Amino acid sequence: MIHIQHEQDDGVPDSVAGNWVDRHAPASWRPYFRLSRLDRPIGTWLLLLPCWWGLLLAANMTGAWTIGHTWIAMACAIGAVLMRGAGCTWNDITDRDLDARVARTRSRPLPSGQIRISHAAIWLTLQSLIAFAILLTFNRFTIMLGVASLITVVIYPFAKRFTWWPQIFLGIAFNWGALLGWAAVTGSLGPAPLLLYLAGITWTLYYDTIYAHQDIEDDALVGIKSTARLFGDRSRICLWVFLAASTGLYALALILALPDESTILDGALYAGAVIGFGAHMIMQMRRLDLNDPASCLAAFRSMRNTGLLPCLFLAPALLL
């Protein structure tokens, strides 16, 4: 077992209250699980849901659900946990000095000294190797696509240092699963998954701008760039633009992915997926107070339901 440098066992401010890591994980493993954000599952959902979008759309277009599709769904879920953990580990390794200067992040395992850098690197490697082993169960094209995604994971932590739009880089990385889920079924790509990918990127611009408003003052002090700082008082208008763009792109993707022999009920379910996706964000906007970190965090966490709603409509369409 990898040992902790210090016995400190403090949680982090934005973890879910009473999460399973704090309550049930062995004390020696808690810093590693926190490094992988296992105490904050929302990020795993945001990485997983685009995978399921692509999978469900491709399965609807190509035919009935199979055991192979079930494995793809399960593999995406396991892979999302592992790759989100690996990505967060890499992010915290590169950002440890910056995190130490921001109130919300200074208690993370690396800046607080709970884990050594060398041990974090081992943890990163372990998660990545297991995820790669799962990727190898997919077709060759999907394997190559998955390997290519590592470029986006490596670049993202540095984006906030050289651009005011790091949320775009996060969106490129976090929504790669829309391409993977589709390719795992079809062995190729096309206009529908690419539009779905763009819908995911604009969705990330929406939710991560909200998230970044929690740290806007600290980020200004330490020089971290973000769309929240860039937009300032115009953030609310920009969020409406991102909301409309992501919903519109999602609608176009679903239109292109409609099966050739689709029925009126198929169309209704696809329309429901788009309406649910957009309407949930509209409800968030009506409640959101960008000047209140607690409101921003609550809206960010509710993005799981935003992304799940389309799945609840697309899954039944497979039964028709």
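Because the structure is predicted, anything quoted here is derived from the model rather than measured.

Draft legend 1. Inspection of the pattern of salt bridges at higher detail. Summed over all chains, the structure comprises five salt bridges. The salt bridge involving arginine 37 is made with aspartate 92; its shortest N-O contact spans 2.8 Å. Remark: aspartate 92 occurs in helix 4 (residues 67-99) and arginine 37 occurs in the loop between helix 2 (30-35) and helix 3 (42-62); sequence separation between them is 55 residues. Assessed through its relative accessible area of 6%, arginine 37 is described here as buried. Aspartate 39 is the partner of arginine 40 in a salt bridge, and the nearest nitrogen-oxygen pair spans 3.4 Å. Both residues of the pair, arginine 40 and aspartate 39, count as buried. Here the residues in one salt-bridge network are Arg37, Asp92 and Arg108, joined through shared partners.

Draft legend 2. Broad picture of helix 7 (residues 166-174). For helix 7, the full list of buried residues reads Pro166, Gln167, Leu170, Gly171, Ala173 and Phe174. The arc that holds every buried residue of helix 7, seen down its axis, measures 165°, which confines them to one face. Its buried side turned inward, helix 7 meets helix 3, helix 4, helix 6 (140-162), helix 8 (176-186), helix 9 (191-212) and helix 11 (227-231).

Draft legend 3. Layout of the packing of helix 3 against helix 15 (residues 303-317). Close contact between helix 3 and helix 15 brings their axes to 9 Å; oriented N to C, the two are set at 20°. On the basis of the axis angle, helix 3 is roughly parallel to helix 15. As for how helix 3 packs across helix 15, the hand of that crossing is left-handed. Here Ile42, Trp45, Leu46, Leu49, Trp52, Trp53, Leu56, Leu57 and Asn60 of helix 3 lie close against helix 15, whose contacting residues are Met303, Arg304, Gly307, Leu308, Pro310, Cys311, Leu314, Ala315 and Ala317. Looking at side-chain class alone, the contact of helix 3 with helix 15 contains 15 nonpolar, two polar and one charged residues.

Draft legend 4. Seen up close, the nonpolar core. By size, the foremost hydrophobic cluster in this structure holds 66 residues, and its most contacted members are Trp203, Tyr206 and Tyr250. Other than its neighbours up to four places away in sequence, tyrosine 206 contacts Leu239, Phe242, Leu243, Met281, Gln284, Met285 and Met303. Within the second largest apolar cluster, twelve residues are counted, among which are Ala25, Phe33, Leu35 and Ala120.

Conventions we followed
- Residues numbered from 1 in each chain as written.
- Predicted model: local features only at pLDDT ≥ 70, side-chain atom pairs only at ≥ 80, totals over all residues.
- Heavy atoms only, no water.
- Salt bridge = Lys/Arg side-chain N within 4 Å of Asp/Glu carboxyl O.
- Helix = DSSP H or I, 4+ residues; strand = E, 2+ residues; numbered from the N terminus.
- Buried < 20%, exposed > 50% of the residue type's maximum accessible area, 1.4 Å probe, protein only.
- Arc of directions from axis to C-beta.
- Contact = heavy atoms within 4.5 Å.
- Axes fitted to C-alpha atoms, helices over the stretch in contact; angles between N-to-C directions.
- Parallel < 35°, antiparallel > 145°, perpendicular 65-115°, else oblique.
- Left-handed = near helix turned anticlockwise from the far one by under 90°.
- Nonpolar A, V, L, I, M, F, W, Y, C, P; charged D, E, K, R; others polar.
- Core = buried A, V, L, I, M, F, W, Y, C linked by side-chain atoms within 4.5 Å.

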